[in-house]
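Here are the chains, one letter per residue:
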Amino acid sequence: MLSCEEATDWELETGENGKLVVDAILTDEIDHQKIRLSLSYDELNGIAPKVLDANVWVEVNGAVFPFTADENNFGLYISDDPFEVLNNLNYQLNIEWQGQLYQADSKLSTVFPIPAITFEQRTDSTLTFQEVPFLYNPNQQAMYEMEIDWSHLSNDSITRAKIVFFTFSTLQESELIRPSRETVIFPKGSRVFLTKYGLNEDFAEYLRALAIEIYWDGGAFYSASSSLPTNISSDALGYFSTCAVLRDTLIAE
Amino acid sequence: MRKPGFILFFLLGSVYWAQAQHTANITIDVSNVPLNEVLNEISRQSGADFSFNPQQIDPQQTISYKVKNARLERALTILCKKINSEYTVIEGQIILKLIKEKDLPLFYTLSGFVGDKTTGESLIGASVSISGTPRGVFTNAFGYYSIQLEAGPHELVYSYVGYELEREKIELKTNVVKNLSLKSVPIDLPDVIIGLSLKTKLESRHAGEKELKPNELLNMPEFAGESGLVKGLQSLPGVKIHSDGSAFFYVRGGERDQNLVIIDDAPIYNPSHLFGFYSTVIPDFAKSIKVYKSDIPTDLGDRLSSIVSIRTKDGNLNKFEFSGAINPLINRFSIETPIVKKKGSILVSWRRSNFEWLYRKTAPESKIGFGDFNFKWNHKLNRKNRIFFTTIFSGDSFTNSVNNTGIGWANFAMTLRWNHIFGPKLFSNTTIYTGNYGYRLSFANNIWQSGIGTLSFKTDFTHYLSPQYKAKFGLESQGYFINPGIFTLDPSIGILPEINANSSRKFTLYYQGTYEFSKRLKARAGLRMVNWSNQGPATWYRFDENHTVQDTVNTGVGEYHNYLKLDPRFSIQYDLDSTSQLKSSFGWYHQYLQLISNSESPFTSFEVWLPASPNIKPQAAWQLDLSYLKYLTKPKLELTAAVYYKKYFNQIDYRPHPTTLLNPLIEGELRFGSMHSYGLELMLKKELGRLNGWVGYTYSRVKRNTPGLNNDADYPAFQDRPHDFSMMLNYRLKRRTFLSAYLTIFSGSTFSAPTGFYTYNDQTIPIFDEKNNGRLPSYQRLDLAIKFILNKNPEAKYKHSLTFSVYNFLAHKNILFVNFNKIPRDDAKPVVKANLFNETALTASQTDLIRFFPSLTYKFKL
């Protein structure tokens with residue numbers, strides 16, 4: 001009788017899609033850095049068209065790091081040489097595509113140690129993860145990527161999971177009373193690969209908007225929707241950031 | 001011609017006066033001619049002679065005079081009115097004599113209270129009229145009336161809807177105090193209820209004001225035991241609810257925080273229970289509910305859209321009364337009893353939810369409930385003094401005892417009032433009141449609390465200056481104390497920023513005069529002057545044009561900023577004939593308190609109120625409206641039509657994804673723009689009869705414009721819903737069986753729908769173009785109720801009834817919101833995608849709240 005939510009077909013008006021989307025996080029680890037380029041699309045479950053023919057390079061302090069499209073992974077651009085993002089330098093991303101130059105700047109953030117990660121045991125002895133303790137920290141904003149693999153323990157069709165969660169220095173109504181979220185269940189002994197990205201203010205602002213729109217929207221206390229901000233010029237979408245990262249591998253117990 | 005002491009007798013004919021009086025008919029049509037020409041012409045046509053003193057009556061004064069085929073007597077009466085004279089006939093000669101000041105009729109004041117004969121309850125808006133004349137007055141909010149009448153005999157007619165009409169003959173030789181009690185007809189018999197005369201009805205209506213009678217509210221089909229204030233308001237043209245389960249409402253396009261609900265003058269900041277399913281107003285406690293949508297009287301304010309003024313019952317002055325209602329979900333009880341018979345009484349109401357049993361199986365850890373306690377005491381000290389004391393407490397609590405998570409809020413209001421009659425022409429009402437609201441949210445060891453409190457002193461006077469002129473004036477001094485939100489956080493998580501409480505003062509002077517230019521034309525004009533000041537010590541921030549902090553200002557004790565605003569208001573009312581009326585009003589309004597929330601949720605959430613301050617200018621609006629009222633006598637229908645245009649300034653908007661919670665720099669998240677709304681409201685009402693009710697339709701639009709948002713273009717507001725139709729019908733099926741039906745259909749709310757998507761780090765991100773470019777499906781709801789009066793004898797001492805209601809009988813899915821970030825599940829609600837490797841496709845999902853909700857309520861009165 002009360003509060004029914006159900007899947008529905010909803011006709012959406014489409015806008016001017018086909019805009020360049022930048023998905024780029026450079027890290028302070030010496031590695032071949034990666035940038036993903038795609039286009040925006042009309043449908044909710046549409047496939048993002050890949051951008052294959054862009055010229056991509058990063059400039060810093062007079063040095064240029066060119067990126068080359070990965071022929072095995074369309075839309076992915078990998079730096080020709082490994083490099084690390086250094087502190088206090090301004091990194092400028094340049095993308096030349098279809099006669100248009102797209103640019104964005106970023107400075108390295110700092111990252112604080114990874115706090116203790118614990119898993120919640122369910123009645124059937126499987127595990128799940130609650131990110132509530134990570135929601136708020138006034139001094140260190142962060143994004144966590146947690147990849148969980150239990151392929152060595154199970155032959156089920158789904159044996160991997162990727163969970164993204166955040167720590168912000170602000171609180172939102174919709175964050176505190178969030179909508180029901182898919183429960184990711186995995187067995188004890190699963191391998192957990194955790195990456196923590198330190199966030200500067202601007203990137204945190206982008207990710208906070210992202211969380212509002214896709215993780216916290218749909219609960220009882222929802223707010224007016226808006227497009228996410230971007231730091232890419234020329235009406236492109238997405239974000240370019242440089243993050244200090246920490247990684248950890250653990251066995252879920 | 002004119003010399004002192006000189007008396008000139010005009011002799012224009014004398015012989016056939018008596019005969020002429022009966023036989024001659026006069027026809028004259030002249031403009032701006034000397035009086036003596038008119039007299040000559042009358043003499044010529046009638047043969048009558050005139051004599052008068054030219055020192056008193058100037059024969060050269062110019063007059064316009066028109067009579068057609070009139071008898072001499074009638075012609076002379078009209079002439080004498082024009083030259084302020086009277087005539088006498090002595091021996092066939094017409095002698096004109098100037099009416100001196102002392103000859104003018106003497107006026108005396110008739111005043112008093114009108115009340116209910118059985119309970120002693122004062123009646124608000126009862127009519128006191130003079131039989132055979134269009135003159136009359138209405139009792140004020142305390143049942144008091146005052147009217148000036150010529151000395152001599154009069155027949156008074158006292159009337160009030162639902163009461164037997166009373167006639168009283170009086171001989172006015174001096175000022176008279178006349179208290180009168182009317183006898184109510186048995187309840188629940190709308191076909192025998194006494195209606196008001198058309199003239200009285202016309203007089204009683206004020207532009208922009210709608211009265212929602214508690215009985216009308218009680219007759220509406222219920223949701224889980226009660227009709228609810230907001231549901232009742234929603235049935236009025238121009239008022240729109242947010243959605244099911246919401247206490248938010250929008251009036252003529254205004255925002256939800258631009259309405260003020262006051263109970264006996266004290267503000268109720270959150271008039272809802274259970275997130276809006278119930279109202280904090282206990283139906284049995286209310287005597288009158290008035291909604292002001294325009295032409296808001298200058299003694300009320302300061303909100304841009306509406307004032308909902310609720311007057312509570314005084315309590316039975318004559319006998320003990322016990323009443324109540326029992327429903328599986330909610331119970332309420334009231335006791336009224338005289339303390340000193342006919343002088344003082346108390347009224348106690350108590351209400352509590354009892355739906356824990358609903359959750360006992362599914363969520364045994366949940367503790368969900370709400371309650372109210374209302375108390376009123378009144379005492380007539382003597383004929384000129386009466387005091388009232390009202391206390392209202394309401395609270396909600398929704399907690400989960402296992403994880404210590406929950407929400408709670410509470411209202412507390414108290415009013416101490418003194419009515420004093422200085423004289424028959426001057427009535428005063430002095431009030432001290434407080435209104436407080438607190439909100440609390442807890443999860444684990446973390447607690448959020450916010451609150452707002454008001455303390456006020458108001459003294460208000462009504463001056464019945466003359467038969468044509470009534471004035472209302474007064475002053476009010478208020479203090480506001482606002483806690484925008486403090487968070488007590490588990491220290492293991494972090495320390496939250498400290499948000500300082502703030503305080504403000506408001507001082508108001510107001511004056512309003514109502515003048516009757518003629519029997520048909522009446523006008524009202526007034527001015528409200530408000531001085532709003534922010535009080536230190538305080539810390540506030542100065543922002544630059546990019547909304548970043550430029551400066552931090554620490555102020556000492558005392559005023560550090562103020563606004564002085566004048567709100568003029570005018571209205572004019574013209575009776576086209578005895579059955580129709582045209583009204584127009586124009587008014588300026590300011591608002592000094594605002595609810596800061598970017599939430600579009602229908603539910604009461606984190607309530608953060610902010611005062612007007614150096615960074616937040618008072619919101620302002622002007623409104624022009626025109627309304628037409630027509631009584632169709634044959635089918636006994638009342639038709640009202642109104643058009644309005646409203647322009648709003650300093651309207652609060654938000655940057656995309658603002659942080660409104662626990663943000664010391666919250667003012668930097670705000671954007672300011674304008675808004676305009678316009679509409680047409682139609683209502684056809686049948687008040688009495690076996691079948692009664694009303695049908696309403698509203699066409700309205702409301703657009704916003706905020707520089708820096710939506711590419712600076714206009715966009716429809718959330719509450720922009722062009723079409724709104726509602727119908728309320730009551731039908732007496734049998735003598736003791738009543739059916740009622742309420743149907744409402746209105747356009748869906750706007751929302752920002754994505755116009756595309758992109759992929760970022762395996763996540764699907766929506767893209768939004770124009771703000772509020774989407775619209776939810778239309779809202780439709782049919783509520784039905786059947787009520788059985790269980791007494792065979794309508795005069796029985798113990799009265800009881802049984803009501804069966806169904807809310808949303810057609811089980812229409814009224815969509816609250818649509819999301820695009822969830823994945824479907826078999827036999828379960830969609831959920832937000834968490835595993836980014838999960839290849840299940842996202843789906844649009846929609847949420848509706850109540851599809852079909854039956855309820856059974858037993859009501860009794862002893």
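Throughout what follows, the structure given in this document is the object of discussion. Residue indices follow the written sequence of each chain, beginning from 1 at its first position. Labels follow written order: the first chain is A, the first ligand is 1, and so on. Totals for whole chains, interfaces and linings use all residues, but because this is a predicted model, local features are given only for residues with pLDDT of at least 70 and pairs of side-chain atoms are given and counted only at 80 or more. Excluding hydrogens and water, the side-chain figures rest on all heavy atoms present in the structure.

Our next topic: the overall build of chain B. A count of helices and strands for chain B gives seven helices and 54 strands. C-alpha atoms define the radius of gyration in this analysis, and the globule rule sets the expected value at 2.2 Å times the number of residues to the power 0.38. Computed over its C-alpha atoms, the radius of gyration of chain B comes to 32 Å, within 12% of the 29 Å expected for a compact globule of 862 residues. For chain B, the C-alpha atoms occupy an extent of roughly 120 × 70 × 50 Å along the three principal directions. Contact between two residues is taken to exist if any of their heavy atoms lie within 4.5 Å; hydrogens are not considered. Pairs at least 24 apart in sequence give 65% of the contacts found in chain B among residues at least 6 apart. Throughout, the Shrake-Rupley method with a 1.4 Å probe supplies accessible areas, and for residues the shown protein chains are the sole cover considered. For chain B, the exposed area adds up to about 34,800 Å²; of that, 57% sits on carbon and sulfur atoms. Strands are runs of DSSP state E lasting at least two residues, helices are runs of H or I lasting at least four, and both sets are numbered from the N terminus onward.

Further remarks concern the interface of chain B and chain A. Between chain B and chain A, the contact holds 86 residues from the first and 77 residues from the second. Buried area: the accessible surface (1.4 Å probe) lost by two parts on joining, summed over both. Approximately 7,200 Å² of surface area, both sides summed, lies buried where chain B meets chain A, with 57% of it carried by carbon and sulfur atoms. The working definition used for a salt bridge is a side-chain nitrogen of Lys or Arg within 4 Å of a carboxyl oxygen of Asp or Glu. Scanning the region where chain B abuts chain A turns up five salt bridges. Here R655(B) makes a salt bridge to E205(A), at a shortest N to O gap of 2.8 Å. Distance and chemistry together define a polar contact, namely a pair of N or O atoms within 3.5 Å, with one atom able to donate a hydrogen and the other to accept it when in protein, and with adjacent residues in sequence counting only for side-chain atoms on both sides. Where chain B meets chain A, there are 43 residue pairs in polar contact (both at pLDDT 80 or more). For the side of chain B that touches chain A, the elements supplying multiple residues, two or more each, are β29 (426-443), β46 (756-760), β47 (763-767), β51 (815-825), β52 (828-832), β53 (843-850) and β54 (853-861) of chain B. Examining the composition of the side of chain B that touches chain A, we find that nine residues originate from one element, β51(B), more than from any other. A breakdown of the residues in the side of chain B that touches chain A according to their chemical character gives 48 nonpolar, 26 polar and twelve charged. Residue classes follow a fixed rule: Ala, Val, Leu, Ile, Met, Phe, Trp, Tyr, Cys and Pro count as nonpolar, while Asp, Glu, Lys and Arg count as charged, and any other residue, Gly among them, counts as polar.

Attention now goes to the sheet that holds strand β5 (residues 93-98) of chain B. Residue and element names in this part refer to chain B. A sheet is described by the order of its strands in space; here three strands give the open sequence β2-β5-β4, paired in mixed fashion. Only two strands of the sheet have a single partner each, and these edge strands are β2 (49-52) and β4 (85-90). Across the sheet, the mean angle separating the axes of adjacent strands is 30° when strand polarity is ignored. What makes two strands pair is DSSP finding at least two bridges between them. In this sheet, β5 lies alongside β4 in antiparallel orientation, the contact comprising six bridges. From the neighbouring strand, T88 faces β5, where its bridge partner is I95. Angles run from 0 to 180 degrees between N-to-C directions of axes, and those axes are lines fitted to C-alpha atoms, restricted for helices to the stretch in contact. Sheet strands in contact with helix α3 (residues 72-82) are β2, β4 and β5, and its direction is about 145° off that of β4.

The subject of this paragraph is a nonpolar patch on the surface. Residues and elements named next belong to chain B. Each patch is built from residues lacking any salt bridge and having more than 30% relative accessible area; the joining distance is 9 Å for like charges and 5 Å for nonpolar side chains (Val, Leu, Ile, Met, Phe, Trp, Tyr). Taken together, Y574, L576, L582, L626, V643, Y645, Y678, L680, L682 and Y699 make up a surface patch of nonpolar side chains, about 740 Å² in accessible area. Looking at the nonpolar patch, the elements that each hand over two or more residues are β34 (549-577), β39 (637-654) and β40 (670-686). Of all the elements, β40 adds the most residues to the nonpolar patch, at three residues. Take L582: it is sitting in strand β35 (residues 580-591). Between buried and exposed lies partly exposed: a residue is buried under 20% and exposed over 50% of the maximum accessible area for its type, with that area taken using a 1.4 Å probe on protein chains only. Relative accessible area serves as the criterion here: at 33%, L582 is assigned to the partly exposed category.

This paragraph deals with the side chain of R655(B). Checked against the element boundaries, R655(B) lands in the loop between β39 and β40. By relative accessible area, which is 18% here, R655(B) ends up buried. If we ignore the near neighbours within four places in the chain, the residues touching R655(B) are E205(A), R208(A), E669(B), R671(B) and L709(B).

With that out of the way, let us pick up the sheet that holds strand β18 (residues 266-268) of chain B. Neighbouring strands of a sheet are bound in pairs by backbone hydrogen bonds; such pairs are parallel or else antiparallel. Residues and elements named next belong to chain B. Spatial ordering of the open sheet is given by β14-β21-β22-β17-β18, a layout of five strands whose pairing is mixed. With one partner strand each, in any of the chains shown, β14 (209-212) and β18 form the two edges of the open sheet. When strand polarity is set aside, the average angle formed by the axes of neighbouring strands in this sheet is 25°.

Residue and element names in this part refer to chain A. The length a helix should cover is 1.5 Å for every residue beyond the first. Between its first and last C-alpha, helix α2 (residues 201-215) extends 20 Å over 15 residues, near the 21 Å set by a 1.5 Å rise per residue. Most of α2 sits out of view: twelve of its 15 residues are buried. Within the span of α2, buried status applies to F203, A204, Y206, L207, R208, A209, L210, A211, I212, E213, I214 and Y215.

The next point concerns empty space enclosed by the protein. Residue and element names in this part refer to chain B. The definitions used throughout rest on a 1 Å grid laid over the protein atoms alone, on which a cavity is an enclosed set of points accommodating a 1.4 Å probe that cannot get out and a pocket is an open set flanked by protein within 12 Å on both sides along at least five of seven lines; lining residues are those having an atom within 4 Å of a point. Grid points are joined across faces, edges and corners, and a volume is the space filled by probe spheres set on the points. In the structure shown here, the tally under the stated rule is 14 cavities of 30 Å³ or more. Taken as a whole, the largest cavity encloses approximately 440 Å³ of empty space. Contributing to the lining of the largest cavity are 25 residues, with E255, S597, I652, Y654 and R704 lying nearest its centre. The set of elements that each furnish at least two residues to the lining of the largest cavity consists of β36 (593-595) and β39. When residues of the lining of the largest cavity are assigned to their parent elements, the largest contribution, four residues, is made by β39. Tallied by class, the residues present in the lining of the largest cavity amount to eight nonpolar, ten polar and seven charged.

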